[in-house]
Amino acid sequence: MNVNECIRSRRSIRKYQSRLVDHSIIDSIVSDASYSPSWKNTQITRYIAIEDLSILETIAEQFTPDYNSNIIKQIPVLIAVTFVKGRCGFERDGSYTTKKKDRWQMFDVGAACQTFCLSAKDHGLGTVIMGVFDEDGITELLQLPDDQELAALIALGYPDIDPEAPKRKTTDILLQYR
Ligand SMILES: Cc1cc2nc3c(=O)[nH]c(=O)nc-3n(C[C@H](O)[C@H](O)[C@H](O)COP(=O)(O)O)c2cc1C
């Protein structure tokens, strides 16, 4: 699959087969995602691949709205995407480098998530990034270290549907030349 095909055919998948995903494939996807650009090459993004059924059930039952728990109940593995705090967007003395303050952290995680999803697509897997969840509840459940923050969840599994792309804005709206 070439890059353009991968970018254009990746979809958010909300219906999955029960088939398990080999660790070698998850390793390979995370290795691909490690080539994402990052602030001063700080590489703050981390991934927790959750396969434990009791943890998945707790996240689905207690920490996500129905539209996300319906996805989590189907998947063999949920990726909790976290980041190491206080590096990306910061000077060595702890001050912010730019007016955007610490928002570069989420920027870098976003770039890594897109690379992750494109690599998953290239490996025949479906993904959907989920941003709506109880951050405090999942942080405690996963016992995240104090220097890390939960950024997003990504469902990962073999797709059971091949949805059409939601409508895209055209380049005349998206792009200006000056
Ligand atoms: C930051 C972010 C948060 C998202 N949160 C959710 C979510 O909580 N639940 C969900 O089903 N989809 C979620 N999505 C998926 C979007 O709805 C989806 O990307 C968009 O509708 C475009 O569809 P496509 O990914 O198939 O191109 C999220 C996407 C992003 C980038």
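Overview of the structure. (Residues numbered from 1 in each chain as written. Predicted model: local features only at pLDDT ≥ 70, side-chain atom pairs only at ≥ 80, totals over all residues. Heavy atoms only, no water.)

### Let's talk about the state of the cysteines
So, point 1. The tally for this structure, following the rule as stated, stands at zero disulfides.
So, point 2. Of all cysteine sulfurs, the one in Cys-113 lies closest to Cys-88, which takes part in no disulfide; the gap is 13 Å.
So, point 3. With a relative accessible area of 0%, Cys-88 lands in the buried category.
So, point 4. No disulfide involves Cys-113; its sulfur sits 6.4 Å from that of Cys-117, the nearest cysteine.
So, point 5. Cys-113 sits in the buried class, given a relative accessible area of 4%. (Disulfide = S-S within 2.5 Å. Buried < 20%, exposed > 50% of the residue type's maximum accessible area, 1.4 Å probe, protein only.)

### Regarding the packing of aromatic side chains
So, point 1. Taken as a whole and assessed by the stated rule, the structure comprises four aromatic pairs.
So, point 2. Ring geometry for Trp-104 versus Phe-107: centroids 5.0 Å apart, planes at 70 degrees, classification edge-to-face. Residue Trp-104 and its partner Phe-107 are located together in helix α5 (residues 103–122), separated by three residues, close to a single helical turn.
So, point 3. Of the residues examined, Trp-104 reaches a relative accessible area of 21% and is grouped as partly exposed.
So, point 4. The ring of Tyr-158 has Arg-19 lying over it, and the distance from NZ or CZ to the ring centre is 3.7 Å. (Phe/Tyr/Trp six-rings, centres within 6.5 Å; stacked < 30°, edge-to-face > 60°. Helix = DSSP H or I, 4+ residues; strand = E, 2+ residues; numbered from the N terminus. Lys NZ or Arg CZ within 6 Å of the ring centre and 35° of its normal.)

### Points about the sheet that holds strand β4 (residues 148–157)
So, point 1. The sheet built from four strands is open, its strands ordered β1-β2-β4-β3 with antiparallel pairing. Edge positions in the sheet fall to β1 (45–50) and β3 (126–130), since each has one partner strand and no second. Across the sheet, the axes of successive neighbouring strands diverge by a mean angle of 25 degrees, strand direction being ignored.
So, point 2. Strand direction decides the pairing type here: strand β2 (residues 77–84) and β4, joined by eight bridges, are antiparallel. Paired with Val-77 across the strands is Leu-156, a residue of β4.
So, point 3. This element, helix α2 (residues 23–33), spans β1, β2 and β4 of the sheet and lies at about 165 degrees to β1. (Pairing = 2+ DSSP bridges. Axes fitted to C-alpha atoms, helices over the stretch in contact; angles between N-to-C directions. Contact = heavy atoms within 4.5 Å.)

### Remarks on unusual backbone geometry
So, point 1. The backbone phi angle of Asn-41 is positive, close to 55 degrees, even though this residue is not glycine.
So, point 2. Structurally, the position occupied by Asn-41 is in the loop between α2 and β1.
So, point 3. By relative accessible area, which is 52% here, Asn-41 ends up exposed.
So, point 4. In this structure, Gln-43 takes a positive phi of about 50 degrees despite not being glycine.
So, point 5. Note that Gln-43 resides in the loop between α2 and β1.
So, point 6. Judged by its relative accessible area of 39%, Gln-43 falls in the partly exposed class.

### Let's talk about the environment of Ser-31
So, point 1. By the secondary structure assignment, Ser-31 is in helix α2.
So, point 2. Separated by 11 residues in the primary sequence, Ser-31 and Thr-42 have C-alpha atoms spaced 16 Å apart.

### Details of the nonpolar core
So, point 1. Membership of the largest hydrophobic core comes to 23 residues, with the highest contact counts inside it found for Val-21, Ile-29, Ile-79, Phe-116, Leu-125, Ile-154 and Leu-156.
So, point 2. Within the residue set of this core, elements represented by two or more residues are α2, β2, α5 and β4.
So, point 3. Beyond its immediate chain neighbours, meaning those up to four positions away, Phe-116 contacts Ile-29, Val-30, Ala-33, Tyr-47, Ile-79, Thr-127, Ile-154 and Leu-156.
So, point 4. Formed by 21 residues, the second largest nonpolar core is a distinct cluster that contains Ile-13, Ile-71, Ile-72 and Leu-153. (Core = buried A, V, L, I, M, F, W, Y, C linked by side-chain atoms within 4.5 Å.)

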